[in-house]
Each structure stands twice: as C-alpha cells, then as structure tokens.
Amino acid sequence: MKTFRTLLAWIRGGCVYFTVISLLMILLNLALGGADAATRGISPTAFLLFFPCGLGISAGGLLLKAKRIPAPARGLLHFACTLLSVLFFVWFPANPTARPSTALIMLVAFSILYWILFLLVHVIKKRIRSLLEED
C-alpha cells in the first residue's frame, strides 16, 4: 500500500508541476512573443515534454522528503533531479543546435536559479512555521 501511495504522490506532484510549468511557459511566450504570440503558441511536442519534466521534479521532491537518506544527499538528489529534468525535457529539445559551451553556461545559470529559488522557499517555509508557532 505504501508503494501505491508513493506512486500516487509522484504522479499527483507531476501533474501539479506540469500545470505550473505550462502556465509559466504560456505566459512567458505571450510576454516575450509580441503581437503574433497568441497565434503562434508552443508546439505540441514541446508542450507534452513538460509532463516528464514535472514527473522528474516531483521525483526530486519525493527524494527530498525521504527520511532514510541523509539530509545533504537528499538536497543534492533533489537538485540533480530538478536540474536534469529541466535540461533534458525543456531546454535541450528547444535548442537542438546548441553548442557545448552554451550548455555549460545554461547548466550554471539553471543551478544558480535553482539555489536562489530553493533558498527563497526555505526562508518562506521557515517564516510561516515560526508565525504559526507563535499563535
């Protein structure tokens, strides 16, 4: 039964991340695309690749919550799953002719963005917990 719950949580998280990534990409496309963005849109194959990306990020989230794994390893596994999911399912398919130097620069840029967002979420969660404990 625990395996079924884990599988269900993984798929549910994948669906949530798919929705969030899809909405962000649609809004980004509309904001940066100009006048013809509403008619051009995102290609269906690129749109469908957001789902495995969401599943990878969800798997990283499940690894982050696993108590059997030491805390530093959980953080690094979450980072690796999230970064590899974004690179393999979002960035690489969108740039098939990218050079290795560009890939390295994007790896560093995504890593910096990941750690900034991770720190931001951690600080917000800590602040919310402290506010709830005060009441």
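Summary of the structure given here.

This part covers the environment of phenylalanine 89. Structurally, the position occupied by phenylalanine 89 is in helix α5 (residues 71-94). We classify phenylalanine 89 as partly exposed; its relative accessible area is 28%. Placed 12 residues apart in sequence, phenylalanine 89 and leucine 77 show a C-alpha to C-alpha distance of 18 Å. Setting aside anything within four residues of it in sequence, one finds phenylalanine 89 in contact with Leu49, Pro52, Cys53 and Leu84.

This paragraph deals with the state of the cysteines. Enumeration according to the criterion identifies 0 disulfides in this entry. Free of any disulfide, cysteine 81 has its nearest neighbouring cysteine sulfur in cysteine 53, separated by 11 Å.

The next subject is a nonpolar patch on the surface. Together, Leu113, Leu117, Leu120, Ile124, Ile128 and Leu132 make up an exposed nonpolar region whose accessible area comes to about 570 Å². Structurally, leucine 132 can be placed in helix α6 (residues 100-134). Relative accessible area serves as the criterion here: at 62%, leucine 132 is assigned to the exposed category.

As for its position among the elements, leucine 84 is in helix α5. Look at leucine 84 and you get partly exposed, because its relative accessible area is 42%. Each C-alpha atom, one on leucine 84 and one on arginine 5, is 25 Å from the other, the two residues being 79 residues apart in sequence.

For the rest of this paragraph, the subject is a positive patch on the surface. Side chains of Lys65, Lys67, Lys125 and Arg129 sit close together on the surface and give a patch of like positive charge. Counting through the fold element by element, arginine 129 comes out in helix α6.

Packing of α5 against α6 leaves a shortest axis separation of 10 Å and a crossing angle of 130 degrees. In terms of axis orientation, α5 runs oblique to α6. Both α5 and α6 take part in a crossing whose hand is right-handed. For the pair α5 and α6, contact is made by Gly75, His78, Phe79, Thr82, Leu83, Val86, Leu87, Trp91 and Phe92 and by Thr102, Ala103, Met106, Leu107, Phe110, Ser111, Tyr114, Trp115 and Phe118, respectively.

Here is what the cut-offs are and how they apply
Residues numbered from 1 in each chain as written. Predicted model: local features only at pLDDT ≥ 70, side-chain atom pairs only at ≥ 80, totals over all residues. Heavy atoms only, no water. Helix = DSSP H or I, 4+ residues; strand = E, 2+ residues; numbered from the N terminus. Buried < 20%, exposed > 50% of the residue type's maximum accessible area, 1.4 Å probe, protein only. Contact = heavy atoms within 4.5 Å. Disulfide = S-S within 2.5 Å. Patch = residues over 30% accessible without salt bridge, like charges linked within 9 Å, V, L, I, M, F, W, Y side chains within 5 Å. Areas by Shrake-Rupley, 256 points an atom, 1.4 Å probe, with all protein chains shown as cover. Salt bridge = Lys/Arg side-chain N within 4 Å of Asp/Glu carboxyl O. Lys, Arg positive; Asp, Glu negative; His and termini not counted. Charge placed at Lys NZ, Arg CZ, Asp CG, Glu CD. Axes fitted to C-alpha atoms, helices over the stretch in contact; angles between N-to-C directions. Parallel < 35°, antiparallel > 145°, perpendicular 65-115°, else oblique. Left-handed = near helix turned anticlockwise from the far one by under 90°.

These figures come from the coordinates and say nothing about function on their own.
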